[in-house]
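This is what each chain is made of:
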Amino acid sequence: GAGVSQSPSNKVTEKGKDVELRCDPISGHTALYWYRQSLGQGLEFLIYFQGNSAPDKSGLPSDRFSAERTGGSVSTLTIQRTQQEDSAVYLCASSLAGRPGGRDTQYFGPGTRLTVL
Amino acid sequence: QQQVKQSPQSLIVQKGGISIINCAYENTAFDYFPWYQQFPGKGPALLIAINPDVSEKKEGRFTISFNKSAKQFSLHIMDSQPGDSATYFCAASRSNQAGTALIFGKGTTLSVSS
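The structure contained in this document is the topic of the report that follows. (Residues numbered from 1 in each chain as written. Chains lettered and ligands numbered in written order. Predicted model: local features only at pLDDT ≥ 70, side-chain atom pairs only at ≥ 80, totals over all residues. Heavy atoms only, no water.)

Quick notes on the sheet that holds strand 8 (residues 72-77) of chain B
Pairing between sheet strands relies on hydrogen bonds along the backbone, with the strands arranged either parallel or antiparallel.
All names here are of chain B.
Logical step 1: Taken together, five strands build an open sheet; the order of strands is 1-3-8-7-6 and the sheet is antiparallel. For this open sheet the edge positions go to strand 1 (4-7) and strand 6 (56-59), each flanked by a neighbour on one side alone. Within this sheet the neighbouring strands show an average axis-to-axis angle of 15°, counted without direction.
Logical step 2: Of the pairings in the sheet, the one linking strand 6 to strand 7 (residues 62-67) comprises four bridges and is antiparallel in character. When the sheet's bridge partners are listed, Lys 58 is paired in strand 7 with Thr 63. (Pairing = 2+ DSSP bridges. Helix = DSSP H or I, 4+ residues; strand = E, 2+ residues; numbered from the N terminus. Axes fitted to C-alpha atoms, helices over the stretch in contact; angles between N-to-C directions.)

Things to note about the layout of surface pockets
Empty space left among the atoms is revealed by rolling a probe the size of a water molecule over them.
Logical step 1: Space inside the largest pocket adds up to approximately 690 Å³.
Logical step 2: Lining the largest pocket we find 32 residues, and of these Gln 37, Ser 38 and Leu 39 of chain A together with Gln 38 and Thr 87 of chain B sit closest to its centre.
Logical step 3: For the lining of the largest pocket, the secondary structure elements donating two or more residues are strand 4 (31-38), strand 8 (88-95) and strand 10 (112-116) of chain A together with strand 9 (86-92) and strand 11 (108-113) of chain B.
Logical step 4: Residues that form the lining of the largest pocket fall into these classes: ten nonpolar, 19 polar and three charged. (1 Å grid on protein atoms, 1.4 Å probe; cavity = no way out; pocket = protein on both sides within 12 Å on 5 of 7 lines; lining within 4 Å. Points joined across faces, edges and corners; volume = space filled by probe spheres on them. Nonpolar A, V, L, I, M, F, W, Y, C, P; charged D, E, K, R; others polar.)

Section: the packing of aromatic side chains
Logical step 1: Evaluation of the coordinates by the stated rule reveals 17 aromatic pairs over all chains.
Logical step 2: Between Phe 33 of chain B and Phe 73 of chain B, the aromatic rings sit 4.9 Å apart at their centres with planes inclined by 55°, giving tilted as the arrangement. You can see Phe 33 of chain B sitting in strand 4 (residues 33-38) and its partner Phe 73 of chain B sitting in strand 8, a full 40 residues away along the chain. Of the two residues, Phe 33 of chain B and Phe 73 of chain B, neither departs from the other in class, the shared state being buried.
Logical step 3: Here a set of aromatic residues connected by ring pairs shows up, and it is made of Tyr 33, Tyr 35, Phe 45, Tyr 48 and Phe 108 of chain A together with Tyr 36, Phe 89 and Phe 104 of chain B. (Phe/Tyr/Trp six-rings, centres within 6.5 Å; stacked < 30°, edge-to-face > 60°. Buried < 20%, exposed > 50% of the residue type's maximum accessible area, 1.4 Å probe, protein only.)

What follows is the structure, given as structure tokens:
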């Protein structure tokens, strides 16, 4: 079946503009994650959605970042008033999250490369 | 505070050699340790994972060694091939609830020369 898809694949924006990044998880996956990958910094957890529970927003770096997940499927990550330090690859992952102990494989999308000029 | 420390940052290995990447963690509550492989332009993909109940897990040419007392784990790639050239990330999580987010190391870029 289809994997995790993200759009756009590349986004170039000007400092101060708002951007929206989209993630379509694998059908049937109840857990969805957003990560940020900066050069040389590995993957940084941003936010996690699990079913209808309140999202875990503990990784969001500032209040300019927000995310929502509509209908338990598609998710949108919004960055307001973008700054140059927001430039990175934003990765989305999903997992079944049905197994006890949280040991579900996370399947990653190809990411959105954001460049803030 | 970096919870998962990974080394080396980059690694060059001859074809047929052994690639070794090391990770250390601080949080003793971590109980799930996967390794992800990422090729350029792609998202990471699960390679192999281990839990603290065992000291070693092998899948084909890939082996995870786990030392619970030292809070360290490592990935060994035997008979390294040019197709193994990628970035490797170790990760850890607390699995006391479903869907726990992973804490990743900073990654190791492996180049296997032919």
